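# Topology and contacts: notes
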Amino acid sequence: MVGVEETASGILDALDRVVLEVEAMDAICNADTEENDDKDFVVSQQALGQAQTCLDEANASDAPSQIDIEAFVRTEACDGNTSNDGVRLRMSLPLGYPTIHSASVTVVHTPKFVTRSNHDTLSSKLQATANDLIGSEAMMSIISECRNIVSDWECNSSDDIDAIPSEAEEEDVVTSLPHNPACISRRWIWVHHITNNDRRKQIVIEANEGNLGGFLKAGYPGVVVIEGDAVACDDFVVWIKGNKSRPGGFGRNWGHHVRGEATAEQRQLPEAFEELEDDMGLLGSLCRESNVEDEFREFILQQK
């Protein structure tokens, strides 16, 4: 019997997720790229176009066997600035990714300070991460883990790759700032995807009930930024992680990470929590208007 994932509809559903993920990654990785500059995220346009045609015509028979991508991962130097040298990855997304197959990851280039042994170890580590993330859109996690590992090698002269937590295993990244009732708190949450209408509605309801302002960007990836009382922000994070006493949360397996935390003396974001469509550029523009663009770049785009 043919499995659901092998049916035409299963193939098309997987292709749709790939196209949406690629579009989101292109928007994130190439946000600051000028027209004539080399891009940090490059996809095989022929295969991508073939996939889009299959979706437009609802015809899975001509689906591409894989979609190839090259990503340049800019690592962080010891002074906190982005290094001019970095890691070049090749990721191949086979037919059936992300539902039943993982991405194939190869490290093509690493900075000079990375030994040949560590170059090969990095490839193996990133492939293992990709395998662990079957069922989820994995490219952002692979790129983030690559950046973390190589930046740590450069800054700490560490060659123990197993001492560095993987993106799939790492705990939420927050600054553990002390709670001050006089301060406003912001939390930046990155999610693999937010497409379910009920989930989108529930996020808005939960934020409004906590008197939290901010934005929800739906789609691939999803972004939730909340702002308000620190205790209310904590409560929202507990809810979205999933808690037996707070039904409706989405749980750790939902693929989200609290990427950052900040405080301010007054609100910067709109007091009414607002849902946006799948447009990272719009979210960036709104963050710029609200004077929180630096946080958006650091915590969501992971640029410094």
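Everything numeric here is computed off the predicted structure, so don't read it as measured data. (Residues numbered from 1 in each chain as written. Predicted model: local features only at pLDDT ≥ 70, side-chain atom pairs only at ≥ 80, totals over all residues. Heavy atoms only, no water.)

### Notes on the overall build of the protein
Along its length, the protein carries 8 helices and 9 strands. Looking at the protein residue by residue over its 304 residues, the buried ones come to 49%. Summed over its atoms, the accessible surface of the protein is roughly 14,700 Å², and 45% of this surface lies on carbon and sulfur atoms. (Helix = DSSP H or I, 4+ residues; strand = E, 2+ residues; numbered from the N terminus. Buried < 20%, exposed > 50% of the residue type's maximum accessible area, 1.4 Å probe, protein only. Areas by Shrake-Rupley, 256 points an atom, 1.4 Å probe, with all protein chains shown as cover.)

### Quick word on the packing of aromatic side chains
Per the stated rule, a full pass over the model turns up 2 aromatic pairs. For the ring pair Trp188 and Phe299, a centre distance of 6.5 Å and an interplane angle of 45 degrees mean the geometry is tilted. One end of the pair, Trp188, is in strand 5 (residues 184-191); the other, Phe299, is in helix 8 (residues 293-300), and 111 residues separate them in sequence. Note on Trp188: relative accessible area 0%, which makes it buried. (Phe/Tyr/Trp six-rings, centres within 6.5 Å; stacked < 30°, edge-to-face > 60°.)

### Things to note about helix 2 (residues 45-57)
Here helix 2 contains 13 residues, and its C-alpha end-to-end distance of 18 Å stays within 8% of the 18 Å for a straight helix at 1.5 Å per residue. Among the residues of helix 2, those classed as buried are Ala47, Leu48, Ala51 and Cys54. Axial view of helix 2: buried residues confined to an arc of 120 degrees, hence all on one face. Exposed side chains of helix 2 directed beyond 90 degrees from the buried face belong to Gln45, Gln46, Asp56 and Glu57. Once helix 2 finishes, Ala58 follows within two positions and takes phi at roughly 50 degrees, a positive value. (Expected span 1.5 Å × (residues − 1). Arc of directions from axis to C-beta.)

### A short note on the side chain of Arg187
With respect to the secondary-structure elements, Arg187 resides in strand 5. Residue Arg187 is classed as buried on the basis of its relative accessible area of 4%. Reaching out from Arg187, the side chain makes a polar contact with the side chain of Glu261 at a distance of 3.4 Å. (Polar contact = N/O pair within 3.5 Å; in protein donor to acceptor, adjacent residues only side chain to side chain.)

### Observations concerning the confidence of the model for the protein
Averaged over every residue, the pLDDT of the protein is 82; the share at 70 or more is 79%. The weakest mean pLDDT in the protein belongs to strand 8 (residues 256-264) at 81; the strongest belongs to strand 4 (residues 104-109) at 96. In this model residues 167-171 is a low-confidence stretch, pLDDT under 50, and it forms 12 contacts with partners more than four residues away in sequence or in other chains. (pLDDT = per-residue confidence, 0-100. Contact = heavy atoms within 4.5 Å.)

### So, the packing of helix 7 (residues 280-289) against helix 8
Helices that pack against each other are described as a pair by the angle of their axes relative to one another and the distance between those axes. As a packed pair, helix 7 and helix 8 sit with axes 7 Å apart at the nearest point and diverge in direction by 140 degrees. If you check the angle between helix 7 and helix 8, you find them oblique. In this structure, helix 7 contributes Met280, Leu283, Gly284, Cys287 and Arg288 to the contact, and helix 8 contributes Glu293, Phe296 and Ile300. Of the residues in the contact of helix 7 with helix 8, the class split is 5 nonpolar, 1 polar and 2 charged. (Axes fitted to C-alpha atoms, helices over the stretch in contact; angles between N-to-C directions. Parallel < 35°, antiparallel > 145°, perpendicular 65-115°, else oblique. Nonpolar A, V, L, I, M, F, W, Y, C, P; charged D, E, K, R; others polar.)

### Let's talk about empty space enclosed by the protein
This model, assessed by the stated rule, comprises 3 cavities of 30 Å³ or more. Considering only enclosed or pocket space, the largest cavity measures out at about 80 Å³ in volume. Looking at the largest cavity, it is lined by 13 residues, and the ones nearest its centre are Leu15, Val18, Pro94, Leu95 and Gly96. Elements with a contribution of two residues or more to the lining of the largest cavity: helix 1 (8-29), strand 2 (66-76) and strand 3 (82-94). The dominant element in the lining of the largest cavity, judged by the number of residues it contributes, is helix 1, at 4 residues. (1 Å grid on protein atoms, 1.4 Å probe; cavity = no way out; pocket = protein on both sides within 12 Å on 5 of 7 lines; lining within 4 Å. Points joined across faces, edges and corners; volume = space filled by probe spheres on them.)

### Focus on unusual backbone geometry
The omega angle of the peptide bond from Tyr97 to Pro98 is 0 degrees, so this bond is cis rather than trans. Secondary-structure assignment places Pro98 in the loop between strand 3 and strand 4. Even without being a glycine, Asn211 presents a positive backbone phi close to 55 degrees. Within the fold, Asn211 resides in the loop between helix 5 (197-209) and strand 6 (213-217). Since its relative accessible area comes to 54%, Asn211 is described here as exposed. In this structure, Asn291 takes a positive phi of about 65 degrees despite not being glycine. Tracing the backbone shows Asn291 in the loop between helix 7 and helix 8.

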